[in-house]
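Listed below, chain by chain, are the residues.
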Amino acid sequence: MKRTSFNDGWQTRPKVNPFAELAGPKAPYRPVTLPHDAMIERERTAPGGEVTMEGGAGAYFPGGTYEYRKTFAVPEEHRGKRILVEFEGVYRDAVVYVNGDYAGQRPFGYAHFRIDADRFLRFGEDNEIRVEARAHRDSRWYTGAGIYRDTWLLVGDVVRIAPDGVRVTTPDIDGERAVTEVATRVENDSIAIRTLDVATEIHDADGKVVARDLSKITVLPGEPATVRQRLYVRAPLLWSPDEPALYTAAVTLKDADAEVDAESVTFGIRSLRLDPEHGLRINGATVKLRGACVHHDNGVLGAATYARAEERRVQLLKDAGFNAIRMSHHPMSKAMLDACDRLGVLVMDEAFDVWTSGKSEFDYSLSFPEWWERDIEAMVAKDFNHPSVIMYSIGNEIPETGSPAGAAWGRKLAEKVRSSDGTRYVTNAVNGMLSVMSELGKLARQSQERKAAEEGGSEDKGINSLMTDAGDMMNAISASGLVTERTAESFAVLDVAGMNYAEARYALDKDLFPSRIIVGTETFPTRIDGNWRLVEQHGHVIGDFTWTGWDYLGEVGIGRPQYLDPDSPRPSHTAPYPYLLAGCGDLDITGHRRPASYYREIVFGLRTRPRIAVQRPEHHGRTYAGTPWAWSDTVTSWTWPGFEGEPITVEVYGAADEVELLLNGRSLGRRPVGEEHRFRTAFDTTYEPGELLAVAYRDGTETGRHTLRSATGPLRLRVEADRPVVTADGGDLAHVILTLTDPDGTVHTAADRPVRLEVSGAGALLGFGSADPVSEERFDATERRTYEGRALAVLRPTGPGEIRVLATAAGCEPAEVLITVE
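Residues numbered from 1 in each chain as written. Predicted model: local features only at pLDDT ≥ 70, side-chain atom pairs only at ≥ 80, totals over all residues. Heavy atoms only, no water.

Describing the pairing of strand β12 (residues 177–188)
Remark: a regular strand shows side chains that alternate across the two faces of the sheet. Our working rule: Note on classification: 1.4 Å probe, protein chains only; a residue is buried when its accessible area is under 20% of the maximum for its type, exposed when over 50%, partly exposed between these limits. Note on conventions: DSSP H or I runs of at least 4 residues are helices, E runs of at least 2 residues are strands, and numbering of each starts at the N terminus. Only strands that DSSP links by at least two bridges are regarded as paired with each other.
Most of β12 is tucked away: 11 of the 12 residues are buried. Note that strand β11 (residues 159–173) and β12 share nine bridges and pair antiparallel. Along β12, the bridge assignment pairs I161 with V186. What sits between the antiparallel neighbours β11 and β12 is a turn of three residues. In the sheet, β12 pairs with strand β15 (residues 225–234) via 10 bridges, with the strands oriented antiparallel. Looking at the pairing, V182 lines up with Q229 of β15.

Structure below.
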């Protein structure tokens, strides 16, 4: 079918009651270009005001119902053809009308779905499509709302290749050739039996034909048929994270030498193997998953899913040392899958956050029993040809996994995935504590009795007194006999046992379940050193996915720094308004790497140079007590005006034997570092501006150094585009980084101020913001305050030409950048 972008020409407004409009003014529509997040444009509300999306879970954004409409012409020559409208994602409870008639719906906000539009259309004249979407207390994170992913118009003849109808597998690979099986599904909505030719070619990355085949297929009316062709690619280039070689399968459907339809798909040739001794092997080589969990929002863009924004995220995550992404907790966008294919990043694609037991008042659990099969089918159809996808997760922290009925549900989901795609593995991100939540009181008493017996006491303090750290609590419960028993069947239905915050089971299960293969589907960032040691020690543990690789909107403050005082005797997992961000990503929402990111890179063995992170001096001497998702309260900066002569603590991360810290050429001593010391050490000193230098040594030989310098002199505003040239279509964007620096380019992290943008020419400002976790500023404004000296603007090209971005800030000379649009 011919595929055309359907993103332009839309209008939107909050949905209104038509009866109310009869008695009052009508709510006006306004023009938008898709993808579009209607929620990010709303004013956030403190508790006590308008009802918000779960309060802090949804970053205090209000819920709502939104309408989108578009007028489009359908030529007379399309009469008799099949016409579909494809939506890659509408959040949520989408209902679609064509020319006023109900045409279809989809409750799941992350499903890829199509509407059969041709029966409702008026040919030779204008038509209207209208979409309703609603979001209201139905999620544990910021979801956005509206048509937030791409839309497409598909037009084809009554005999055609089905959408998502070309599936490629590579069942047999060796050094000489790869057997490539191309299965093409052909549909026939005519009243005649049709016999057609199916011509298939495989092209390499340079466009050269490396294999071809011609087959015939007879398709009965109303009965789709599948033709399977085995092609042989000689001396194949294999897809892997290090060398992501891609091929294209081009399929043409012909009738008497005339082309009836054509489709092409991109794929990779690679093999997957799995066992408890070698773990996961890709093309015969063991691969340990250095994983990042990510939510779907794009920071300053909200939930709007642009191809370039997804590609940039994948690239920056890979640059930071990750080789795998777990999409949490819903299916990944097509754009991100494409980026993972091109860049060589492995994917665990996740289906659901809920099954039959709800986690929010109006979440997908209300629709799951009726829709889960169609949503699994949609996820697999979307993923099938992507070599980056190695594993499907059927759920995240599903409470039902601790019951027989829940295990039966898990079996149904796992078998549904396998029946749709038998080439990949199935996991489920199980949280052992949640699986036995109803029996935690009993477990607490048993644990307290054991502890009392060991200590010779009998005081009953309850489960909260058993561990001071939430991670210890989750681990202890997950390793209990109760969890072992209750989750045994839920794990048995899987190819890989996904475990959230349960590294205490890794060694335990090697003996209890010798055939069990484990992946840490969600882990605390503060425990990566110990977790990664377990991954490396145990063949049956194939990787670790941290929460999270990229910071996100909502679940506000779970990773924020906290300090104890009489009014706050323990850390809190929630933060008050106006907190906006979770604060637990290795990279912040603008893509800037935080100290934890460099620490992780050292733990992974990918970085030999040390890294300095400085604790904020205003909190020196206070008792730090963040949650297990919170890194230390540090900044990679040696610019602290107003704290001259004050005490300050400097953290240094490194994999060497020891590290020396020098301040303005004066040694502050050497400290052991490396794995035995959790790859980190700390120096207490007095702040003085200048140069801070860390030098790492192994066996007395320098292995690397890292320098921080204080920002001095006049303040400058720098504006830099991520690429000098962008394209006018295909979801491309320009990301413009704004920094406050001294004349030498050192970022001034203590001189934050508002920056104003003027955008002119062939582009429009989509989003503008910073990584400030506590801000009431809007992302659609033209003025934003920097955070730690940085901000990010995202521009959408509107046509060929040149985009001019002029930035101004008090005390700085104006700065500008020009971006060419082709």
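On we go from here.
Considerations on the confidence of the model for the protein chain
Note: predicted coordinates in regions of low pLDDT should not be interpreted at a detailed level. Stated formally: pLDDT is a residue-level measure of predictor confidence that goes from 0 to 100. Residue contacts are counted whenever heavy atoms from the two residues lie within 4.5 Å of one another.
The predicted model of the protein chain has a mean per-residue pLDDT of 94, with 96% of residues at 70 or higher. Residue range residues 457–468 is modelled with pLDDT below 50. Its contacts to residues more than four positions away, or to other chains, number 17 contacts.

Some words on helix α12 (residues 595–603)
Most of α12 sits out of view: nine of its nine residues are buried. Just downstream of α12, G605 is the residue with a positive phi angle, here 80 degrees.

Some thoughts on the pairing of strand β25 (residues 425–430)
Where we set the bar: Here a crossover is taken to be right-handed if, once the strands point away from the viewer, the path from the first strand over the helix to the second is traced clockwise.
Burial runs high along β25: six of the six residues are buried. Taking every second residue as pointing to the same face, both faces of β25 are buried, with Y425, T427 and A429 on one and V426, N428 and V430 on the other. Of the pairings in the sheet, the one linking strand β24 (residues 389–396) to β25 comprises four bridges and is parallel in character. Paired with N396 across the two strands is A429, which belongs to β25. In this view, the connection linking β24 to its parallel neighbour β25 by way of helix α5 (residues 404–420) has right-handed handedness. With four bridges joining them, β25 and strand β26 (residues 496–500) adopt parallel strand pairing.

Quick word on the side chain of T200
Its location among the elements puts T200 in strand β13 (residues 194–203). Sequence-distant contacts of T200, defined by excluding residues within four places in its chain, comprise V182, A211, R212, D213, Q229, L231, A250 and V251.

A few points about the sheet that holds strand β39 (residues 734–741)
Rules: In this description, a line fitted to the C-alpha atoms serves as the axis of each element, helices being fitted only across the stretch in contact, and the angle between N-to-C directions of two axes falls anywhere from 0 to 180 degrees.
With respect to topology, four strands assemble into an open sheet ordered β37-β39-β43-β41, the strand pairing being antiparallel. The open sheet is flanked by β37 (716–721) and β41 (763–769), the only strands paired with a single partner. With direction set aside, neighbouring strand axes in the sheet form an average angle of 25 degrees. For β37 and β39, the ladder comprises six bridges, and the chain directions are antiparallel. When the bridges of β39 are listed, V719 appears paired with L738.

Some thoughts on the nonpolar core
Inclusion rule: What makes a nonpolar core is a set of buried Ala, Val, Leu, Ile, Met, Phe, Trp, Tyr and Cys residues whose side-chain atoms join them at distances within 4.5 Å.
If you look at the biggest cluster of nonpolar residues, it comprises 123 residues, and the most contacted ones within it are W10, Y68, F87, I129 and F352. When residues in this core are grouped by element, the largest group, six residues, is from helix α4 (residues 368–383). Core analysis: the second largest hydrophobic core is formed by 34 residues, V483, I542, I558 and W629 among them.

Quick look at the side chain of R505
Topologically, R505 is positioned in helix α10 (residues 505–512). Not counting residues up to four positions away in its chain, the partners in contact with R505 are S478, A479, S480, V483, T484, M499, L512, F513, R516 and I518.

Comments concerning the state of the cysteines
Covalently bonding the sulfur atom of one cysteine to the sulfur atom of another cysteine gives a disulfide. Rule in force here: Note that a disulfide, as used here, is simply two cysteine sulfur atoms within 2.5 Å.
Applying the stated rule across the entire model yields zero disulfides. Here C293 stays unpaired: no disulfide links it, and the sulfur of C584, its closest cysteine neighbor, is 9.7 Å away. No disulfide involves C340; its sulfur sits 13 Å from that of C293, the nearest cysteine.

Observations concerning the packing of aromatic side chains
We apply this condition: Only Phe, Tyr and Trp rings take part, Trp by its six-membered ring, and two of them pair if their centres are within 6.5 Å. Stacked means planes under 30 degrees apart, edge-to-face means over 60, and tilted covers everything else. Two limits define a charge over a ring: the Lys NZ or Arg CZ must be within 6 Å of the ring centre, and within 35 degrees of the ring normal.
Taken as a whole and judged by the stated rule, the model has 30 aromatic pairs. Aromatic pair W631 and Y653: ring centres 6.0 Å apart, planes at 75 degrees, arrangement edge-to-face. Of this pair, W631 sits in the loop between β29 (611–615) and β30 (634–635) while Y653 sits in strand β31 (residues 647–653), and the two are 22 residues apart along the sequence. On the basis of relative accessibility, which here comes to 9%, the residue W631 falls in the buried class. Taking the ring centre of F513 as reference, the NZ or CZ of R516 above it sits at 3.7 Å. The residue whose ring lies beneath R593 is Y598, and the NZ or CZ to ring-centre distance is 3.9 Å.

Concerning helix α3 (residues 334–343)
Buried residues dominate α3, accounting for eight of its 10 residues. One or two residues past the end of α3 sits G344, with phi positive at roughly 80 degrees.

Examining the environment of C812
Tracing the chain through its elements places C812 in the loop between β44 (801–809) and β45 (815–821). Relative accessible area serves as the criterion here: at 12%, C812 is assigned to the buried category. For the pair C812 and G321, spaced 491 residues apart in sequence, the C-alpha separation works out to 36 Å. Excluding residues that lie within four positions of it along the chain, C812 makes contacts with L715, R716, L717 and L740.

Focus: the sheet that holds strand β1 (residues 2–5)
Hydrogen bonds between backbone atoms are what pair the strands of a sheet, whose relative direction is either parallel or antiparallel. Spatial ordering of the open sheet is given by β1-β10-β5-β8, a layout of four strands whose pairing is antiparallel. Since the sheet does not close on itself, it has two edges, and those belong to β1 and β8 (113–116), each with one partner. Looking at each pair of strands side by side, their axes are set apart by 25 degrees on average, direction ignored.

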